[in-house]
Amino acid sequence: MKTPRFISLFVALIIFVPGCVAQTAPSSVKQQFNKKFPKATEVEWDKESDSEYEASFKINNVKYSANFATDGTWLETEQAISFKELPDAVLATLSRDYYGVEINEVAKLITNKNEIFFEVEIEKMDTNEEDHENNKNKDIEEDEEDEMAIDLIFDTSGKIVKTVSFEKDEND
C-alpha cells in the first residue's frame, strides 16, 4: 500500500521541515536593512515576535544584530564589543557589584532614538552565599540546558537600567 507510506512521509515533512527552513523577513524589512547595512555579510533572519524581525550579520568580521518592525522601521542595532571597550562607568559598576562573575558576551546597543546602552551577559549568580560555599568544591555536573544567564543593560553612566534573566540553550 502506497497511501499509508505517502501519508507518513507527508506528516513527517509537515512536522520536521519548518524547523529546517531558514526564516526570512518581509521585503519592506529587507529593503530597509539593505539601505542601513549595505556592507553586511552572513545575514540570517529570525522572527522575534509578530511585529519584529531580527537580522544577525557581520560587517568587517564584527558581529551585529539589528531589529526592525514589520513595516521596515529600524528599532535598534547591537554590536559585539570587547570587555575593554566598555565605558569606565560600566566597568566600575561591574567591578563593584559583580566582581568575579563570568561574563559571556558584551555589546553596544544603539536605539532608533539615538540612545546608547551597553549589554553585558553574565552567568547567573548564586543568591545564597552559604549554598555557593558548600557547593564550590563538589564535582557537580550541570546540564547545559538548565544554565541560566542574565543580561545587564547599562546606560553610559554605568547605571543598570534593565536586567533580563533567561535560560541558555546549547547555541549560546
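Anything mentioned here points back to the structure above.
How each quantity is defined
Residues numbered from 1 in each chain as written. Predicted model: local features only at pLDDT ≥ 70, side-chain atom pairs only at ≥ 80, totals over all residues. Heavy atoms only, no water. Helix = DSSP H or I, 4+ residues; strand = E, 2+ residues; numbered from the N terminus. Buried < 20%, exposed > 50% of the residue type's maximum accessible area, 1.4 Å probe, protein only. Polar contact = N/O pair within 3.5 Å; in protein donor to acceptor, adjacent residues only side chain to side chain. Contact = heavy atoms within 4.5 Å. Core = buried A, V, L, I, M, F, W, Y, C linked by side-chain atoms within 4.5 Å.

**Examining the side chain of glutamate 123**
With respect to the helices and strands, the residue glutamate 123 is situated in strand β6 (residues 116-123). According to the relative accessible area criterion, glutamate 123 is buried, its value standing at 16%. At 2.8 Å, the side chain of glutamate 123 and the side chain of asparagine 104 are in polar contact. Setting aside its immediate chain neighbours within four residues, glutamate 123 contacts Val101, Glu102, Asn104, Glu147, Met148, Ala149 and Lys168.

**Structural notes on the nonpolar core**
In terms of nonpolar packing, the biggest core is built from 14 residues, with Phe33, Phe37, Trp45, Phe57 and Phe68 touching the most fellow members. Those elements giving two or more residues to this core turn out to be α2 (27-36), β2 (52-59) and β3 (62-69). A total of four residues in this core trace back to one element, the largest contributor, which is β2. Those residues in contact with tryptophan 45, other than ones at most four positions away along the chain, are Gln23, Thr24, Ala25, Val29, Lys30, Phe33, Tyr53, Glu54, Ala55 and Phe68.

**Description of unusual backbone geometry**
For asparagine 60, which is not glycine, the phi dihedral falls at a positive 50 degrees. Summarising the element assignment, asparagine 60 is placed in the loop between β2 and β3. Of note, asparagine 114 is a non-glycine position whose phi angle comes to about 60 degrees, a positive value. Of note, asparagine 114 is situated in the loop between β5 (103-111) and β6. Among the residues examined, asparagine 114 registers a relative accessible area of 63% and is labelled exposed.

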